[in-house]
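Notes for the structure review
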Amino acid sequence: MATHPDTRTVHHPVPPTEGSTPLGVPLYQAHTFAFADTDTMAAAFGDSDAPYVYARYGNPTVAALEAAVADLEGGAGAVASSSGMGAISSTLWSLLGTGGHVVAQNRLYGGTQGLLDALRERWGVRVTLVDAGDPDEVREALRPDTRVLYLETMANPTGRVADLPALTALAREAGAMTVVDNTFATPLLCRPIEHGADVVVHSATKYMGGHSDTIGGVTVFADPEVLRAVREQTAEYGAVLDPFAAWLVSRGLRTLGLRVARHCANAQVIAERLAAHPAVAAVHYPGLPDDPGHATARRILDGGFGGVLAFEPVGGRPAGRAFAEGVRLAALAPSLGDVRTLVMHPASTSHRELDAGQLARAGISEGLIRISVGIENVEDLWADLEQALS
Ligand code: PLP
């Protein structure tokens, strides 16, 4: 029976047992597996479809998470990683190789930006940064030897939504694969493979885990051959997910539908109230009708506009910092997607290494505040943000 993703997060597959089915995901906290004879063990080595051998190559609890996320994203399969950056780096290393060409959007998570810089400096990877909002610029940047177009469904921290159907079509024409970081949207709001993406990466640390208690990543593939290659690389680099972390993410997934709906509803209210507040100069949230990404967001996202917003307080950098230090219910903390509201000032933290010009190109003003809106009661939350604004 075809079911809604909200239902599939609750009913996600668990490793089978004999005679009955556990409803919670069993935690196999085992890194090695014993065999009855050397032939069976020998056959299992190097065959990813064979029984479990060693947890760096596979573990039932990790496999349950991989199956659940692949199902939610509509992919052929998934590989779990030790973090979101583990997922992104294993994927890019596998797909690019030495000297490969990647076209990436210029509004990117800072860690991914840093990885692209390192790939360029150490491995000769050629990187062209583009404004993903300008299809002509993307078309011009794609060359016959481009291997990857790298996008984020919703760019950090301004939430700008990428026109995935248009951009993946351009990459396909050029013979490149599209990799999409879908962390901000989650598979409940957007499934990039349905819009033509080849690979979807997630920091499971954020909404999937959801409780600030674990770190992990998951990569989903449309093509099983690409999956096989990246799985091998992930095991070789050792960027694999620990079974207990996989168990925590699987547990988080069960309530993802409820949480994402509440994150989106709260963020919409907070964005509208901030936009009407005299101490606020601008709000960036794709759920606001005058946001430049609103029309695209309505086409690409399904069920809400996400839980992250950014705003510019009147008074620039000092006002931004004062706000960040003034919140009491919200926490001044990095990361996003937690049940609690998290506030940060990108210009002095995540993007501190950028000069004024680079900040402007990334759409980050000196005073900009990013809020990962949590699932608290929205009136309590607004009372806190309002007192911090004053
Ligand atoms: N992708 C996005 C959009 C992120 O915001 C982050 C972290 O903030 C990552 C990837 C990296 O995830 P992790 O910290 O799990 O490595």
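Residues numbered from 1 in each chain as written. Predicted model: local features only at pLDDT ≥ 70, side-chain atom pairs only at ≥ 80, totals over all residues. Heavy atoms only, no water.

With respect to the domain arrangement of the protein chain
Domains assigned within the protein chain are domain 1 (24–253) and domain 2 (256–389). Computed over C-alpha atoms, the centres of domain 1 and domain 2 are 26 Å apart. On the side of domain 2, 38 residues touch domain 1, which itself brings 31 residues to the contact. Interface area, domain 1 with domain 2, both sides summed: about 2,800 Å², of which 62% is carbon and sulfur. Per-residue buried area on domain 1 facing domain 2 is highest for P157, L189 and Y207; these three make up 28% of the total on that side. Across the contact surface, domain 1 and domain 2 share 2 salt bridges. A salt bridge links R191 to D302; its shortest N-O distance comes to 3.7 Å. Among the elements of the structure, α7 (164–173), α8 (186–189) and α10 (243–253) are those that each provide at least two residues to the side of domain 1 that touches domain 2. In terms of residue count, the dominant contributor to the side of domain 1 that touches domain 2 is α8 (3 residues). Tallied by class, the residues present in the side of domain 1 that touches domain 2 amount to 15 nonpolar, 11 polar and 5 charged. (Domains from an automatic or database assignment. Contact = heavy atoms within 4.5 Å. Buried area = accessible area lost by both parts, 1.4 Å probe. Salt bridge = Lys/Arg side-chain N within 4 Å of Asp/Glu carboxyl O. Helix = DSSP H or I, 4+ residues; strand = E, 2+ residues; numbered from the N terminus. Nonpolar A, V, L, I, M, F, W, Y, C, P; charged D, E, K, R; others polar.)

Quick word on the site of the ligand
By nearness alone, 15 residues border the ligand, and G84, M85, D181, S203 and T205 come closest of all. Contact distances for the ligand include 2.8 Å between an oxygen atom and a backbone N or O atom of G84. For the ligand, an oxygen atom lies 2.8 Å from a polar atom in the backbone of M85. Computed on the free molecule, the ligand has an accessible area of 390 Å², of which 92% lies beneath the protein chains in the complex. The element that contributes the greatest number of residues to the shell around the ligand is helix α4 (residues 84–96), accounting for 3 residues. Looking at the shell around the ligand residue by residue, the classes come out as 6 nonpolar, 7 polar and 2 charged. (Near = heavy atom within 4 Å. Polar contact = N/O pair within 3.5 Å; in protein donor to acceptor, adjacent residues only side chain to side chain. Areas by Shrake-Rupley, 256 points an atom, 1.4 Å probe, with all protein chains shown as cover.)

Some words on the pairing of strand β2 (residues 101–105)
Across the 5 residues of β2, 5 count as buried, placing the element largely inside the fold. The handedness of the β2 to strand β3 (residues 126–130) crossover, carried by helix α5 (residues 110–123), is right-handed. Pairing geometry for β2 and strand β4 (residues 146–152), over 4 bridges, is parallel. What sits directly across from V102, in β4, is V148. (Buried < 20%, exposed > 50% of the residue type's maximum accessible area, 1.4 Å probe, protein only. Right-handed = clockwise from strand over helix to strand, strands pointing away. Pairing = 2+ DSSP bridges.)

Overview of the sheet that holds strand β8 (residues 280–284)
Read across the sheet, 5 strands follow the order β8-β9-β12-β11-β10 without closing on themselves; strand pairing throughout is mixed. Two strands in the sheet have a free side with no partner beyond their single neighbour: β8 and β10 (331–332). Across 4 bridges, the pairing between β8 and strand β9 (residues 308–313) is antiparallel. Residue H284 lies in a different strand from β9, and its bridge partner there is A310.

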